[in-house]
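Residue-level structure breakdown
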Amino acid sequence: MKFKQIAGGLIDRRYFLKKSLIFSVAASIPAYLTAQTPLELERTEWMSEPGLGFSNYGQPSPFEKKTIRWTMANSHAPGNGVSWTPLQDLEGIITPSGLHFERHHNGVPQIDPTAHRLMIHGLVNNPVEFSIENLLQYPKTSQICFIECGGNSNAGWHTNPIQTPVGNFHGMVSCSEWTGIPLKLLLNEAQLQPQAQWLIAEGGDASLMNVSLPIDKATSDCFVALYQNGERIRPENGYPLRLIVPGWEGVLNVKWLQRIHIANQPTMSRNETAKYTELLPSGKAQQFSFIMAAKSIITNPSFGHQLNRFGLYQISGLAWSGRGKITRVEVSADQGQTWLDAELQTPVLPLCFTRFRIPWQWQGQAVVLCSRATDETGYIQPTRTELVAQRGRHGYFHYNAIVNWAISAQGKISHVYD
Ligand SMILES: Nc1nc2c(c(=O)[nH]1)N[C@H]1C(S)=C(S)[C@@H](COP(=O)(O)O)O[C@H]1N2
Ligand SMILES: [Mo]
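Everything quoted here is computed from the prediction, not taken from an experiment.

**Things to note about the overall build of the protein**
Counting its regular elements, the protein contains nine helices and 24 strands. When the backbone C-alpha atoms are referred to their principal axes, the protein occupies close to 75 × 65 × 45 Å. When contacts within the protein are restricted to residue pairs at least 6 apart in sequence, long-range pairs at least 24 apart make up 72% of them. Here the protein displays about 19,900 Å² of accessible surface, and carbon together with sulfur accounts for 54% of that area. Charge separation in the protein, taken as the distance between the mean sites of 35 positive and 32 negative side-chain charges, equals 5 Å.

**Section: empty space enclosed by the protein**
All told, the structure shown has three cavities of 30 Å³ or more when counted by the stated rule. Taken as a whole, the largest cavity spans an internal volume of roughly 230 Å³. What lines the largest cavity is a set of 20 residues, among which Arg103, Arg242, Gly250, Asn253 and Lys255 lie closest to the centre. In terms of residues, the lining of the largest cavity owes the most to one element, strand E3 (residues 102–104), which gives three residues. Looking at the lining of the largest cavity, its residues break down into eight nonpolar, seven polar and five charged.

**Some thoughts on the domain arrangement of the protein**
On domain assignment, one finds that the protein holds domain 1 (117–287) and domain 2 (295–416). Taking only C-alpha atoms into account, the centre of domain 1 sits 28 Å from that of domain 2. Opposite the 36 residues of domain 1 that make contact, domain 2 presents 32 residues. Both sides together, the interface formed by domain 1 and domain 2 hides about 2,900 Å², and carbon and sulfur atoms give 63% of it. Ranking the residues of domain 1 by area buried against domain 2 places Phe146, Trp157 and Val166 at the top, with a combined share of 25%. On inspection of domain 1 and its partner domain 2, the count reaches two salt bridges. Between Arg391 and Glu278 there is a salt bridge, with its nearest N and O atoms 3.6 Å apart. The interface formed by domain 1 and domain 2 includes 13 residue pairs in polar contact (both at pLDDT 80 or more). Elements with a minimum of two residues in the side of domain 1 that touches domain 2: strand E6 (141–148), helix H6 (166–170), strand E7 (173–182) and strand E14 (278–279).

Quick notes on the rules
- Residues numbered from 1 in each chain as written.
- Chains lettered and ligands numbered in written order.
- Predicted model: local features only at pLDDT ≥ 70, side-chain atom pairs only at ≥ 80, totals over all residues.
- Heavy atoms only, no water.
- Helix = DSSP H or I, 4+ residues; strand = E, 2+ residues; numbered from the N terminus.
- Contact = heavy atoms within 4.5 Å.
- Areas by Shrake-Rupley, 256 points an atom, 1.4 Å probe, with all protein chains shown as cover.
- Lys, Arg positive; Asp, Glu negative; His and termini not counted.
- Charge placed at Lys NZ, Arg CZ, Asp CG, Glu CD.
- 1 Å grid on protein atoms, 1.4 Å probe; cavity = no way out; pocket = protein on both sides within 12 Å on 5 of 7 lines; lining within 4 Å.
- Points joined across faces, edges and corners; volume = space filled by probe spheres on them.
- Nonpolar A, V, L, I, M, F, W, Y, C, P; charged D, E, K, R; others polar.
- Domains from an automatic or database assignment.
- Buried area = accessible area lost by both parts, 1.4 Å probe.
- Salt bridge = Lys/Arg side-chain N within 4 Å of Asp/Glu carboxyl O.
- Polar contact = N/O pair within 3.5 Å; in protein donor to acceptor, adjacent residues only side chain to side chain.

Here it is as structure tokens:
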């Protein structure tokens, strides 16, 4: 079988399945990297005495200390800021709970679940209040979905391309399995009145953050999550319960949820007026831009990695769309002149991270790697030039342009614009 290979060294995605890849990778490793490989196993320290005992809660290996969230908080209000998921160090589609990004407006409340209540009131016939114990009795559902802050990747609007690891640029997105109660079930308990159009959700943190959500979305696929990746939600991500609004802006996923007020109009809170609105070239601002459009990024190799050998590599990255499933991710090694389809890791789920991979042969050529996602609505991720033409330069949120990594002949990686 002859495998397609295109400009810049990209190879047909089936290559790894068919070729004796061990040989092809090993053969390309410079002698200085293989010379010390022991042919006979030595009895190391950890094989010479019994290992550690059991632990009540597992932790990552002490050798993986560099895989941490990168935090950035306001020095005058240390509870207001962000911590970013180190996407450049992760594989697969699930973000470990301890590495899920954080965005707090006033710190992480230490909520005693026995004292916490969820209230539903306003345009309802039967105002209700639930304790966590009540809620745990309701039927549950699970969904693996991403949460992305509307402000993620906003450095893409900068005049010059930011030179920072993927996680510090695009890491305000993470993907977990969330389990909880369909919001519709709880709204049914409260009996919505016919004028009910909007739902105003409020968190029980010290910012009492609130946002408005159209009732149609609230009663379709939203749910109140109590579990994250199988265990109760981490305090940083909303313990004891949060709203999950699949595919829509992060801000709608209200954490530490304590109140749902049913109304006939939005509340015009700070996070839907001063923030999370887009200033357009016309000078008008677009409001309620809820859906997170399709995006993809190559996470490996990416800024901060150093290519230290010639030969075969596997490019790996993430794609997602707030409109449904990812149907295609193409990769280019010549900054978008020619493209080849990447392999999509199955299952490909809607409103969820999709991992893509493609083989690539590097012989020291200077190239520009980039990826382009298409979702099931046919929407194709734009180039930066296209995005700027559409939206101007005064926006801050919803940056989803193609990201280019320039690889130098020395194997150094930098971020470049198209
Ligand atoms: N109560 C409350 N909910 C909140 C926030 C907050 O500060 N307080 N931040 C919002 C924003 S802007 C985002 S992007 C997401 C982030 O969720 P995470 O911290 O679990 O990643 O939570 C949203 N929900
Ligand atoms: Mo956000």
